[in-house]
Amino acid sequence: MTMCSVKIECVLPENCRCGESPVWEEATNSLLFVDIPSKKVCRWDSLSKQVHRVTVDAPVSSVALRQSGGYVATVGTKFCALDWEDQSAIVLATIDQDKKNNRFNDGKVDPAGRYFAGTMAEETAPGVLERHQGSLYCLFPDHHVEKYFDQVDISNGLDWSLDHKIFYYIDSLSYSVDAFDYDLHTGKISNRRSVYKLEKDEQIPDGMCIDAEGKLWVACYNGGRVIRLDPETGKRLQTVKLPVDKTTSCCFGGKDYSEMYVTCARDGIGPEDLLRQPKAGGIFKITGLGVKGIPPYPFVG
Ligand SMILES: O=C(O)[C@H](O)[C@@H](O)[C@H](O)[C@H](O)CO
Ligand SMILES: [Zn+2]
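Source: prediction; values computed, not measured.

Caption draft 1: Structural view of the sheet that holds strand β12 (residues 134–139). The strand order β10-β11-β12-β13 describes an open sheet built from 4 strands, whose pairing is antiparallel. At either margin of the open sheet sits one strand with a lone partner, and together these are β10 (102–109) and β13 (145–152). Shown here is a sheet whose adjacent strand axes are inclined to one another by a mean of 20 degrees, direction ignored. Sheet topology note: the β10/strand β11 (residues 115–121) ladder contains 6 bridges and is antiparallel. Bridging from a neighbouring strand, Gly107 pairs with Ala117 of β11.

This is the structure we're talking about:
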């Protein structure tokens, strides 16, 4: 494996205000993602290059596959089921009803088909928000919701180790990638610890995914990069820089999950900086990483 074969291209100039939650859907050779403030769930067909967009009635912060068809998404403060054909959203559960300024942020389905997602106070500008307002929640297959912990600033990246015994989690403003022991049978988490502290130029940790070797990939907001971490040694193994600063999240997709897709944001970039990064808000594809990902888990409810 040589690092020099890494290639980065913008495959879709979508101008997302805040692109997030990339998810590969093998059945349609497509990449799903959201644009949070634009209230849009998008599906980009990698073969036809066509995009389908569904607009919902509140900021949509994550999307996931659903075993029984369609998708699930976190919309405002609700876990919803999305019917792609008739473009409808059905509410499965509502959270944070006592916190009127909160919304969901990043979410992902665990290996047993439960949908994890956390909340945050709405931002007045990128990174500017009332602190400690967020919590981490999980929607179980029977549609009941459990709260894991509160006091979160910006609930973000999440994924599970390949043996399903560890849950990795990012609260962005802690500048840390954390790990918990994970009980796949019950969905319970325990024993929180930090596995990596971001360096200054890496800026703010945002979305995250695991690769087929058990290493973590973290998108660095304002850092214009994704970094590969070894959660066992706490070392950074690789840095891949992108031509945009506000990289928000990443996932593997494409043939055998050998490509990485990266979302990013356009909001918060001044006119002068936009000239330097005209592709801000686009969808990027990284090839030649020499490592594959794993398929996303579908929600089983
Ligand atoms: O994409 C997200 O996860 C949040 O919704 C964003 O708002 C950014 O992470 C945040 O601005 C970084 O500070
Ligand atoms: Zn995020």
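Caption draft 2: Broad picture of the coordination of the zinc ion (ligand 2). Coordination sphere of the zinc ion (ligand 2), protein contribution only: Glu20 (OE), Asn156 (OD1) and Asp206 (OD), at 1.9 to 2.1 Å. Of note, the zinc ion (ligand 2) draws all its donor residues from one chain, in the sequence arrangement E-x135-N-x49-D. Note that Glu20 is positioned in strand β2 (residues 19–25) and Asn156 in strand β14 (residues 155–160), a separation of 136 residues in sequence. The exposure class of Glu20 is buried, given its relative accessible area of 3%.

Caption draft 3: Representation of unusual backbone geometry. Here the phi dihedral of Asn15 falls at roughly 55 degrees; this positive angle occurs in a residue that is not glycine. By the secondary structure assignment, Asn15 is in the loop between β1 (7–12) and β2. Asn15 gets classed as partly exposed once you look at its relative accessible area, which sits at 42%. In this model, His143 sits at a positive phi of 75 degrees, which is unusual for a non-glycine residue. In this structure, His143 sits in the loop between β12 and β13.

Caption draft 4: Summary view of the packing of aromatic side chains. Inspection of every chain in the model, using the stated rule, returns 19 aromatic pairs. On the numbers, 5.4 Å between centres and 15 degrees between planes, the contact of Trp24 with Tyr261 is stacked. Taken together, the positions of Trp24 in strand β2 and Tyr261 in strand β23 (residues 259–264) put the pair 237 residues apart, joining distant regions of the chain. Comparing Trp24 with Tyr261, the two get one shared label, buried. Between Phe149 and Tyr169, the aromatic rings sit 5.4 Å apart at their centres with planes inclined by 75 degrees, giving edge-to-face as the arrangement. Within this pair, whereas Phe149 is found in strand β13, its partner Tyr169 is found in strand β15 (residues 166–171), the two being separated by 20 residues in sequence. Taken as a pair, Phe149 and Tyr169 share a single burial class, namely buried. Residue placement shows Arg192 over the ring face of Phe149; its charged tip is 4.9 Å from the ring centre.

Caption draft 5: Highlighting the pairing of strand β6 (residues 60–65). With 6 of its 6 residues buried, β6 lies for the most part within the structure. In terms of strand pairing, β6 meets strand β7 (residues 71–75) through 5 bridges, oriented antiparallel. Paired with Ala64 across the bridge in β7 is Val72. Taking the residues between adjacent antiparallel strands as the criterion, β6 and β7 are bridged by 5 residues, where Gly69 takes a positive phi near 110 degrees.

Caption draft 6: How the structure looks around the pairing of strand β18 (residues 204–210). Taking burial as the measure, the 7 residues of β18 include 7 buried ones, the bulk of the element. The sheet contact formed by β18 and strand β19 (residues 216–221) spans 5 bridges and is antiparallel. Each residue of the ladder has a partner; that of Ile204, found in β19, is Tyr221. Here β18 folds back onto β19, and the loop between the two strands holds 5 residues, one of which, Gly214, carries a positive phi near 80 degrees.

Definitions and cut-offs
Residues numbered from 1 in each chain as written. Chains lettered and ligands numbered in written order. Predicted model: local features only at pLDDT ≥ 70, side-chain atom pairs only at ≥ 80, totals over all residues. Heavy atoms only, no water. Pairing = 2+ DSSP bridges. Helix = DSSP H or I, 4+ residues; strand = E, 2+ residues; numbered from the N terminus. Axes fitted to C-alpha atoms, helices over the stretch in contact; angles between N-to-C directions. Donors = N, O, S within 2.8 Å, 3.2 Å for Na, K, Ca; no water. Buried < 20%, exposed > 50% of the residue type's maximum accessible area, 1.4 Å probe, protein only. Phe/Tyr/Trp six-rings, centres within 6.5 Å; stacked < 30°, edge-to-face > 60°. Lys NZ or Arg CZ within 6 Å of the ring centre and 35° of its normal.

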